[in-house]
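Per-entry structural report
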Amino acid sequence: MIWNTIESASREEIEAIQLKRLQETARRVYALNPFYKEKFEERGITPEDIRSLEDLQRLPFTRKQDLRDHYPFGLFCVPMREVVRIHSSSGTTGKPTVVGYNAHDMEVWNEVMARVYTMSGVGAEDVVHNAYGYGLFTGGLGFHYGAEKVGATVVPASGGFTDRQLMLMRDFGATVLACTPSFALHLAEVAAKAGSEFRKDYKLKVGIFGAEPTSEGLKKEVAKAWGIEYREVYGLSEIIGPGVSCSCSHSDRLHIFEDHFLPEIIDPETGEVLPDGERGELVITTLTKQALPIIRYRTGDITSLVKEPCGCGRAMVRMESIVGRADDMLIVNGVNVYPSQVEHVIANTEGVTLNYQIIAEKKGHLDKLEIMVEVSEEIMSDNVGELERIRKALQESLLNNLYINALVKLVEPNTIERSMGKAVRVVDKRR
Ligand code: DLL
């Protein structure tokens with residue numbers, strides 16, 4: 001099922017809409033916000049210079065720092081009386097980034113979330129258990145209003161309180177689980193304490209997961225643990241929240257709703273636009289946002305794009321699941337490592353679980369990497385020989401596959417702190 005026929009429009013139709021909307025957005029930001037006017041002037045261009053989609057490359061990038069420098073509302077393009085909602089993303093250091101929506105933007109957000117639900121086979125018959133956090137984080141409310149738009153019953157569970165969440169999922173007959181993949185796995189682990197037949201108490205058929213980088217291994221684990229279909233959603237507050245793209249029943253890649261969000265892939269070092277299929281940093285220009293339109297936003301997320309039409313009937317460009325963040329990449333003694341690559345290696349090792357944490361430290365001039373991993377429940381903690389065999393196997397596998405010399409430390413099940421929101425996979429003590 002497709003929510004909006006635009007999703008299957010031809011490339012020519014989509015590109016015509018994109019160009020018209022890009023021109024409108026350029027005019028909007030230039031006329032209404034001094035930050036953009038100055039940036040355009042520095043480059044010697046005006047909105048009238050945007051005559052084709054290729055001209056996008058003449059426009060300046062916008063970075064997270066620009067939002068921080070204009071904290072809280074400096075990049076807004078409407079008067080505050082028109083703003084109906086504020087969200088912000090946490091940010092581990094300094095001020096959060098603040099985003100705002102007017103009534104029109106809320107409609108756009110609900111529309112793209114309705115597409116996400118429909119793409120995931122969710123409609124009026126469904127009960128959506130929404131365990132994304134409600135509050136300043138866009139996950140909770142984004143998933144909430146989208147569910148109402150498709151007529152589903154939404155249970156606004158928010159994060160935390162695992163046992164109570166499981167009770168609500170059982171008693172209210174949830175058919176859809178919406179939360180971070182790490183929390184979905186945590187819920188399954190706790191639910192499985194009721195016995196291996198626990199799934200019969202639940203009616204779940206699909207999960208719509210996102211908000212954090214996730215390896216193929218963890219996705220498979222979540223799908224298997226719950227016996228459900230795995231759908232992935234991507235998004236970021238600066239662009240809208242969840243609902244920038246979503247995977248369909250035909251492909252693990254995620255369709256970008258490109259009538260609202262115009263994607264590019266660039267080389268993160270040089271800023272040069274890369275051809276389709278190549279991996280680089282995702283850059284997005286909003287095409288319909290009014291309160292906080294944003295030009296060429298550097299997401300920091302690493303992915304690639306393909307334009308071939310998909311078996312599901314949608315023509316919208318597809319992005320590969322996020323490989324990692326440009327700023328999440330660890331450089332360990334000169335070797336580049338993404339946490340998702342480490343996760344992939346762990347997923348392919350017997351005897352360990354996907355509950356892990358990577359700790360980077362400086363020892364003298366050298367970087368030291370320690371990887372803490374919980375062993376599976378079946379492994380007996382007094383079987384020292386077996387534990388050492390697993391530890392060595394994982395250590396060797398990391399060396400052979402990723403060329404990193406890490407110290408693997410196996411720990412008992414349930415000792416690494418569980419996240420209620422996004423999982424903390426990396427603790428970099430060198431920063
Ligand atoms: O995480 C919005 C969201 C909520 C997306 C619920 C999906 C589901 P922020 O808090 O602003 O917004 O964080 C955005 O999270 O730049 C990515 O690095 C990461 N991220 C989001 N979705 C995915 C995903 C929300 N499917 C940042 N895979 C983004 C990998 C993701 N990373």
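Here, the structure is the one placed above.
Here's what I pulled together on the structure shown here.

Cut-offs used in this document
Per-chain numbering applies: the sequence of each chain, read as written, is numbered from 1 onward. For this predicted model, a pLDDT threshold of at least 70 governs which residues receive local features, and a threshold of 80 or more governs which side-chain atom pairs are given and counted, while totals over whole chains, interfaces and linings are taken from all residues. Computation of side-chain values covers all heavy atoms of the structure but excludes hydrogens and water. Secondary structure counts use DSSP, requiring at least four H or I residues in a row for a helix and at least two E residues in a row for a strand, with both numbered from the N terminus. Throughout this description, buried means an accessible area under 20% of the type-specific maximum (1.4 Å probe, protein chains only), exposed means over 50%, and partly exposed covers the range between. Here a residue-residue contact requires only that any non-hydrogen atoms of the pair lie within 4.5 Å. By definition, a salt bridge exists where a carboxyl oxygen of Asp or Glu is found within 4 Å of a side-chain nitrogen of Lys or Arg. Near residues are defined by distance, with any heavy atom within 4 Å of the molecule or strand qualifying the residue. Polar contact is the term for a pair of N or O atoms within 3.5 Å; when the atoms are in protein, one must be able to donate a hydrogen and the other to accept it, and sequence-neighboring residues count only if both atoms are side-chain atoms. Here the Shrake-Rupley method, with its probe set to 1.4 Å, supplies the accessible areas, and only the displayed protein chains count as covering residues. Residues are grouped as follows: Ala, Val, Leu, Ile, Met, Phe, Trp, Tyr, Cys and Pro are nonpolar; Asp, Glu, Lys and Arg are charged; all remaining types, including Gly, are polar.

1. Describing the side chain of Asn355
Residue position: Asn355 is located in strand β18 (residues 352-363). On the accessibility criterion, Asn355 (10% relative accessible area) is buried. Discounting residues that sit within four places of it in the chain, Asn355 has contacts with Glu189, Met372, Val373, Glu374, Ile416, Arg418 and Arg425.

2. A short note on the pattern of salt bridges
Per the stated rule, a full pass over the model turns up 27 salt bridges. A salt bridge links Asp367 to Arg430; the nearest nitrogen and oxygen atoms lie 3.2 Å apart. Of this pair, Asp367 sits in strand β19 (residues 366-375) while Arg430 sits in the segment after β21 (426-428), and the two are 63 residues apart along the sequence. The buried category is assigned to Asp367, whose relative accessible area is 14%. Of the residues examined, Arg430 reaches a relative accessible area of 26% and is grouped as partly exposed. In the salt-bridge network here, residues are joined through shared partners; they are Lys362, Asp367, Asp428 and Arg430.

3. With respect to the site of the ligand
Lining the immediate environment of the ligand, one finds 23 residues, of which Glu232, Val233, Ser237, Asp301 and Lys422 sit closest. Between Pro213 and the ligand, the recorded distance is 3.4 Å, taken from a backbone N or O atom to a nitrogen atom. Between Arg325 and the ligand, the recorded distance is 3.3 Å, taken from a side-chain N or O atom to an oxygen atom. About the coverage of the ligand: the protein hides 93% of its 610 Å² of free accessible area. Only α5 (138-149), β7 (229-236) and β8 (241-247) provide two or more residues apiece to the shell around the ligand. Considered class by class, the residues forming the shell around the ligand number 10 nonpolar, 7 polar and 6 charged.

Limitation: the analysis is restricted to geometry and does not speak to function.
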